[in-house]
Amino acid sequence: MNCKGNRAKLLSEIALLFVGIFWGSSLIVVKSATTELSANALIAFRFSIACIVLGLIFFRHLRGITLRDIGHGAIIGAFLFGAYWIQTLGVTLGMPGKSAFLSSIYCVMVPFVHWLVSRVRPQRRNIIAAVICTAGITIVSAGDGLSMQLGDLLALLSGLFYALHIASVDKFARGDDPIRSTIMQFAFCAFYAWCMTFALDGLSLKLVPDIWPDLLYLSLVCTALSLLLQNVGQKHADPNLAA
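Within each chain, residue numbers correspond to sequence positions counted from 1 in written order. The predicted origin of the model limits local features to residues at a pLDDT of at least 70 and limits the giving and counting of side-chain atom pairs to 80 or more, whereas totals for whole chains, interfaces and linings rest on all residues. Computation of side-chain values covers all heavy atoms of the structure but excludes hydrogens and water.

**Remarks on the pattern of salt bridges**
Then, number 1: Every case where a carboxyl oxygen of Asp or Glu lies within 4 Å of a side-chain nitrogen of Lys or Arg is listed as a salt bridge. Evaluated as defined, the whole model comprises two salt bridges.
Then, number 2: As a salt-bridge pair, Asp 176 and Arg 68 come within 2.4 Å of each other at their nearest N and O atoms. Taken as a pair, Asp 176 in the loop between helix H7 (150-172) and helix H8 (178-200) and Arg 68 in helix H3 (residues 67-93) lie far apart in primary sequence, 108 residues in all.
Then, number 3: Burial status follows relative accessibility: with a 1.4 Å probe on protein chains alone, a residue under 20% of its type maximum counts as buried, one over 50% as exposed, and anything between as partly exposed. Since its relative accessible area comes to 46%, Arg 68 is described here as partly exposed.
Then, number 4: Measuring nitrogen to oxygen at the nearest pair gives 2.9 Å for the salt bridge that ties Arg 180 to Asp 69. Here Arg 180, found in helix H8, pairs with Asp 69, found in helix H3; they are 111 residues apart in sequence, far enough to count as distant. You'll find Arg 180 and Asp 69 in the same group, each marked buried. Every helix listed is a DSSP run of H or I at least four residues long, and every strand listed is a run of E at least two residues long, numbered separately from the N terminus.

Shown next, in the form of structure tokens:
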């Protein structure tokens, strides 16, 4: 039994490694896609496509869905939407590489957010990592005279929402079906994004043919596959490691 548990943990860690690779590659594509779509519309299309694809592939997992599943999806989906929406806005205002670095502050935020949620104290290495990350942000900002642009601040804020998303998955969805949980998160994230799109952009949306390769890569690889791997991986991995 212990051998099976170790194997599941190892596979989860490998899955989470690929999540990081996909996540890093997505920001360059987001920068390109936002020349044709607003941040709101991009997230709306991105998560709608991902939700529909996963729903069609894993439709059996949606049988017997409960109010508990819907409630958890609404809460976790709200943090997911906040993270992606704020980060996408930040990428449109800054450089993808710098935005990725600043957003990755969530890696050191997760232990502290998890502490607030689950009363599990951060370890000494988490505190050391926080200090190193803060020093790194200072060095990166030194190129701009130690100033923080709006895009940089949005990237940092998105990092907080990513940390909240990971902590909320651990808090609310650990005992849930990870595939069903992922689909519910996508559905609510898409719903919030469509509400924001219609409120801020109106009803007229145009998709030019050139955007479809970017949109499909973001939807299928960086969203459907990536977050499915993350949610499945977190079922067997510690949230601090998931970060």
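From this point, things continue past the structure.
**Re the side chain of Thr 182**
Then, number 1: Among the structural elements, Thr 182 can be located in helix H8.
Then, number 2: Thr 182 sits in the buried class, given a relative accessible area of 0%.
Then, number 3: Not counting the four nearest positions on each side in its chain, Thr 182 is found in contact with Leu 54, Leu 227, Leu 228 and Asn 231. Should any heavy atoms of two residues lie within 4.5 Å, those residues are considered in contact.

**Focus: the packing of aromatic side chains**
Then, number 1: Stacked, tilted and edge-to-face are the three classes applied to pairs of Phe, Tyr and Trp rings, where Trp contributes its six-membered ring and a pair requires centres within 6.5 Å; stacked means planes under 30 degrees apart, edge-to-face means over 60, and tilted covers the rest. Evaluated as defined, the whole model comprises nine aromatic pairs.
Then, number 2: Ring centres of Phe 45 and Trp 194 lie 5.0 Å apart, and the angle between their planes is 75 degrees; this geometry places the pair in the edge-to-face category. Taken together, the residues Phe 45 in helix H2 (residues 39-57) and Trp 194 in helix H8 connect sequence positions 149 residues apart.
Then, number 3: Residue class for Phe 45 comes out buried when judged on its relative accessible area of 16%.
Then, number 4: Ring plane angle 40 degrees and centroid distance 6.2 Å describe the contact between Phe 188 and Tyr 192, whose orientation is recorded as tilted. Of this pair, Phe 188 and Tyr 192 are both found in helix H8, four residues apart, which corresponds to roughly one turn of the helix.

**Overview of the state of the cysteines**
Then, number 1: Two cysteine sulfur atoms form a disulfide, by the criterion used here, when they sit within 2.5 Å. This structure, assessed with the given rule, holds zero disulfides.
Then, number 2: Free cysteine Cys 189: the closest other cysteine sulfur is in Cys 51, separated by 10.0 Å.
Then, number 3: For Cys 189, a relative accessible area of 0% translates into the label buried.

**Quick look at the confidence of the model for the chain**
Then, number 1: Per-residue confidence from the predictor is reported as pLDDT, which spans 0 to 100. Of the residues in the chain, 76% reach a pLDDT of 70 or more, and the chain-wide mean stands at 80.
Then, number 2: Ranking the elements of the chain by mean pLDDT puts helix H10 (residues 239-242) last with 54 and H2 first with 94.

**As for a nonpolar patch on the surface**
Then, number 1: A cluster of nonpolar residues, Leu 10, Leu 11, Ile 14, Leu 17, Phe 18 and Ile 21, forms a patch on the protein surface that exposes about 570 Å² of accessible area.
Then, number 2: Here Phe 18 lies in helix H1 (residues 2-33).
Then, number 3: Given a relative accessible area of 41%, Phe 18 falls into the partly exposed group. Patch members must show over 30% relative accessible area and no salt bridge, and they are joined within 9 Å when carrying like charges or within 5 Å when they are nonpolar side chains of Val, Leu, Ile, Met, Phe, Trp or Tyr. Using the Shrake-Rupley algorithm and a 1.4 Å probe, accessible areas are obtained, with residue cover drawn only from the displayed protein chains.

**Some points on the environment of Cys 51**
Then, number 1: Checked against the element boundaries, Cys 51 lands in helix H2.
Then, number 2: When the C-alpha atoms of Cys 51 and Ser 219 are compared, they prove to be 8.8 Å apart, with 168 residues separating the residues in sequence.
Then, number 3: Excluding its chain neighbours within four sequence positions, the residues that come into contact with Cys 51 are Ile 183, Phe 186 and Ala 187.

**Re the environment of Asn 231**
Then, number 1: Looking at the element boundaries, Asn 231 is found in helix H9 (residues 212-234).
Then, number 2: Residue Asn 231 is classed as buried on the basis of its relative accessible area, which comes to 5%.
Then, number 3: Residues in contact with Asn 231, not counting those within four places in the same chain, are Val 169, Pro 178, Thr 182 and Gln 185.

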